[in-house]
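# Chains, contacts and geometry: an overview
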Amino acid sequence: MAEVKLTNVVKRYGSVEVVHGIDLEIAHNEFVVLVGPSGCGKSTTLRMIAGLEEISDGEIKIGETVVNNLPPRKRNISMVFQNYALYPHMTVSENLGFSLKIAGKSGAEISAAVANAAEILGLGDLLERTPAELSGGQRQRVAMGRAIVRHPDVFLFDEPLSNLDAKLRTQMRVEIKKLHQKIKTTIVYVTHDQVEAMTLADRIVIMKDGHIVQVGTPLDVFERPVDTFVAAFIGSPPMNLINGHIEADHVVFSDGNRLPVPPDFTGKLADGRQVVFGFRADVLMPKGHTLAESGVVTDLDLKIDFAEPLGSESILLSTLGGKEIQARMHNPRPVNEGEVLTCELHLEKCHIFDASSTKNLRE
Amino acid sequence: MPTRTKTVLIWLLTFTVMLIICMPGLWIILSAFRTNGEILTKPAIWIPQNLTLDNFRAIFGFGENVIGVPVSSYFRNSLVISVTSTFLALLIGMTGGYAFARYQFPGKSSTFLWLMLSRTVPGIALSLPIFIIWSRLGIIDTKFGVILVYTAINVPFTVWLTEGFFRQVPNDLNEAAQIDGCTRWQAFWKIEFPLAKSGIASAGIFAFLTSWNEYALASQLTRSTDSKTLPVGLMDFTAQFTIDWAGMCAMAVIIIIPALILTFLVQKHLIAGLTFGGVKG
Ligand SMILES: Nc1ncnc2c1ncn2[C@@H]1O[C@H](COP(=O)(O)OP(=O)(O)O)[C@@H](O)[C@H]1O
Ligand SMILES: [Mg+2]
């Protein structure tokens with residue numbers, strides 16, 4: 001059980017730098033998810049924590065120990081790989097007990113620990129099978145079992161669910177969350193799936209091109225994205241982002257539509273400034289189909305291009321400022337293509353980003 | 001064509017081809033149990049009249065006509081040379097194959113290519129240079145000299161075969177093992193080696209058979225009873241004007257038997273090795 005601290009960690013492959021000096025502190029027992037598009041350096045970062053990749057610069061601490069030059073076996077970590085990496089020539093119980101056997105534990109100790117892990121993960125009936133005789137979900141569980149038998153200080157997961165079908169993925173996600181509640185260990189979890197990140201994490205670390213863009217609780221990053229990248233990456237559907245410029249405390253879009261700036265920006269933005277106006281589908285709702293919410297609201301007439309009924313709500317697609325935007329309709333009724341609906345936009349929940357730096361101007 | 005007829009035809013064809021391929025071998029085995037007289041009769045006697053173990057008795061020194069070929073020394077030499085060179089070739093080749101499969105280093109692909117190209121040189125073309133160098137070094141007519149040559153011949157093939165097998169073992173596994181507490185070395189022996197062992201076993205048998213059967217180079221490099229191998233020893237049955245065909249065939253059978261036994265023992269691995277059906281999961 002331990003904290004993990006990354007200080008200015010750099011990774012270069014030859015002359016190519018793929019991780020550019022990241023700083024990150026992970027608290028004891030915290031569940032941290034590294035999320036970002038493919039190729040942004042998540043796995044590399046995780047593998048540096050594991051000791052499978054050398055770090056080119058900086059410092060990694062696990063607990064009180066600087067682990068920069070320690071091999072993986074001396075870091076007291078365990079890892080679940082994307083392809084499970086179960087040992088094909090060993091049975092499930094041998095797979096589970098392998099680390100303890102290497103550590104020179106007695107047979108009795110090993111079988112007790114294996115039985116315990118099997119119990120936690122519901123692997124009881126599978127102990128004598130080989131990995132080839134298991135389904136994807138079972139292999140996944142064995143991989144997690146192998147990771148927990150040793151009571152590591154830190155658990156590392158690299159996209160553990162990406163090889164499972166959608167249904168199983170949702171199920172295993174819940175199991176991982178439960179597992180964390182049960183065994184209380186620091187977890188660093190890598191995924192490219194923002195839904196996984198949002199549902200699992202205590203704190204989300206959003207990465208892009210080898211940099212950390214934002215760190216925060218799921219709610220933080222959802223409600224206060226630091227830039228348009230995070231705004232577009234987190235949340236489903238992604239945030240509506242429309243380019244425009246400021247004119248007398250209004251944002252004017254290329255199609256001539258204009259919206260007032262959120263109340264806390266009134267009088268703060270110079271005329272002519274290029275900005276990106278951002279809001280989530282959740283804060284744009286047709287009149288009469290809103291969730292009761294008070295606040296500063298502006299009305300907006302939208303021609304609906306298309307409606308996606310999802311049952312208890314519909315997602316409405318329309319166009320504003322030359323961009324496709326999405327609105328959310330609660331207690332939906334059928335909507336015709338081309339129908340014009342008056343929608344309410346909750347201005348306090350809207351964001352203004354600088355057009356060139358893409359930074360959220362509220363931060 | 002009905003499948004039945006097709007099956008029969010395929011069997012017939014296979015049988016004929018196999019018969020043609022195996023004929024010389026079968027003839028040798030048959031001749032090993034016949035007398036020189038019967039072997040040399042013209043027209044040939046196809047169905048043996050009286051089979052005898054005399055040829056073997058002669059080789060092993062029982063019976064009335066003892067022949068002067070020190071088969072047991074040759075056998076021992078062959079065994080020592082083949083086993084040692086196979087062991088060395090496996091050790092070196094496996095290490096090399098592992099390195100080629102797991103590590104990136106400058107000049108990797110060209111090194112690999114050159115290693116494989118060395119196989120295109122016919123061994124006999126090297127016999128003169130090797131002979132000259134070996135005689136300068138004073139290792140002509142020693143087992144050590146032959147072992148050295150055979151090891152060198154076998155290493156490229158062993159590298160190639162084991163490289164393929166190690167590449168099939170996902171690197172994740174060795175990383176998982178390291179995280180589970182293994183050193184790099186332990187990860188190799190406990191995880192990667194067992195998973196690649198089919199490949200290693202087949203590389204081993206190929207190396208052994210190459211060494212066991214090699215004639216051309218050994219005939220140049222060995223002279224005395226202390227270093228001559230079985231295939232070279234076969235020539236002892238040729239005198240200036242006569243050839244003892246029956247004795248030669250009997251000895252050929254003796255040469256074949258260990259190779260045959262070994263092949264059957266590792267048959268399972270050999271098939272996996274040849275089909276590259278190695279590791280899954
Ligand atoms: N062994 C390597 N050699 C060179 N470049 C690498 C190597 N491994 C990863 N990279 C590069 O580093 C970047 C980050 O990779 P990775 O950490 O695997 O991304 P992801 O966020 O998808 O897990 C990628 O651009 C990748 O091409
Ligand atoms: Mg990755």
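Residues numbered from 1 in each chain as written. Chains lettered and ligands numbered in written order. Predicted model: local features only at pLDDT ≥ 70, side-chain atom pairs only at ≥ 80, totals over all residues. Heavy atoms only, no water.

Each helix and strand in chain A was counted, giving eight helices and 20 strands. Overall size of chain A, expressed as C-alpha extent along the three principal axes, is 75 × 45 × 35 Å. With 363 residues in all, chain A has 52% of them scored as buried. In chain A, the share of contacts with a sequence separation of at least 24, taken over all contacts with a separation of at least 6, comes to 67%. Element-wise, carbon and sulfur atoms account for 49% of the exposed surface of chain A, whose accessible area totals about 15,600 Å². (Helix = DSSP H or I, 4+ residues; strand = E, 2+ residues; numbered from the N terminus. Buried < 20%, exposed > 50% of the residue type's maximum accessible area, 1.4 Å probe, protein only. Contact = heavy atoms within 4.5 Å. Areas by Shrake-Rupley, 256 points an atom, 1.4 Å probe, with all protein chains shown as cover.)

Residue and element names in this part refer to chain B. Structurally, chain B comprises domain 1 (3–54) and domain 2 (71–280). The C-alpha-based centres of domain 1 and domain 2 are spaced at 31 Å. Each partner contributes residues to the interface: domain 1 has nine residues there, and domain 2 has eight residues. Each partner contributes to the roughly 610 Å² buried at the junction of domain 1 and domain 2, and carbon and sulfur atoms together form 77% of this total. On the domain 1 side of the contact with domain 2, I28, A32 and N36 bury the most area, a combined 59% of that side's loss. In this assembly, domain 1 and domain 2 are joined by three residue pairs in polar contact (both at pLDDT 80 or more). (Domains from an automatic or database assignment. Buried area = accessible area lost by both parts, 1.4 Å probe. Polar contact = N/O pair within 3.5 Å; in protein donor to acceptor, adjacent residues only side chain to side chain.)

Quick look at the layout of surface pockets now. The space that makes up the largest pocket amounts to roughly 520 Å³. Contributing to the lining of the largest pocket are 23 residues, with A:G51, A:L52, A:E53, B:Q178 and B:R184 lying nearest its centre. Per element, the largest residue contribution to the lining of the largest pocket is four residues, and it comes from helix α8 (residues 171–179) of chain B. In the lining of the largest pocket, the residues fall into seven nonpolar, seven polar and nine charged. (1 Å grid on protein atoms, 1.4 Å probe; cavity = no way out; pocket = protein on both sides within 12 Å on 5 of 7 lines; lining within 4 Å. Points joined across faces, edges and corners; volume = space filled by probe spheres on them. Nonpolar A, V, L, I, M, F, W, Y, C, P; charged D, E, K, R; others polar.)

So, on to the sheet that holds strand β20 (residues 351–354) of chain A. Either a parallel or an antiparallel arrangement is found when strands of a sheet pair, and the pairing is made through backbone hydrogen bonds. Residue and element names in this part refer to chain A. Here we have five strands laid out as an open sheet, ordered β13-β12-β11-β14-β20, and antiparallel in their pairing. Two strands close off the open sheet at either side, each with one partner strand: β13 (258–260) and β20. In this sheet, neighbouring strand axes are inclined to one another by 40° on average, regardless of whether the strands run parallel or antiparallel. (Pairing = 2+ DSSP bridges. Axes fitted to C-alpha atoms, helices over the stretch in contact; angles between N-to-C directions.)

Residue and element names in this part refer to chain A. Helix length check: helix α4 (residues 136–148), at 13 residues, gives a terminal C-alpha distance of 19 Å against a target of 18 Å (1.5 Å per residue), a fit within 8%. Burial analysis of α4 places eleven of its 13 residues in the buried class, which makes it a mostly covered element. Listed in full, the buried residues belonging to α4 are G137, Q138, Q140, R141, V142, A143, M144, G145, R146, A147 and I148. (Expected span 1.5 Å × (residues − 1).)

At the junction of the two partners, chain B supplies 19 residues and chain A supplies 22 residues. With both chains or domains summed, chain B and chain A bury close to 1,800 Å², and 66% of this area falls on carbon and sulfur atoms. The interface formed by chain B and chain A contains three salt bridges. Ionic pairing is found between A:R146 and B:D180, a salt bridge with its closest N-O pair at 3.9 Å. (Salt bridge = Lys/Arg side-chain N within 4 Å of Asp/Glu carboxyl O.)

Residues and elements named next belong to chain A. Every residue near ligand 1 is listed here: Y13, V18, S38, G39, C40, G41, K42, S43 and T44. Within the backbone of C40, an N or O atom sits 3.2 Å from an oxygen atom of ligand 1. At 2.6 Å, a side-chain N or O of S43 approaches an oxygen atom of ligand 1. Contact with the protein chains removes 56% of the 560 Å² of surface that ligand 1 exposes when unbound. The dominant element in the shell around ligand 1, judged by the number of residues it contributes, is helix α1 (residues 42–50), at three residues. (Near = heavy atom within 4 Å.)

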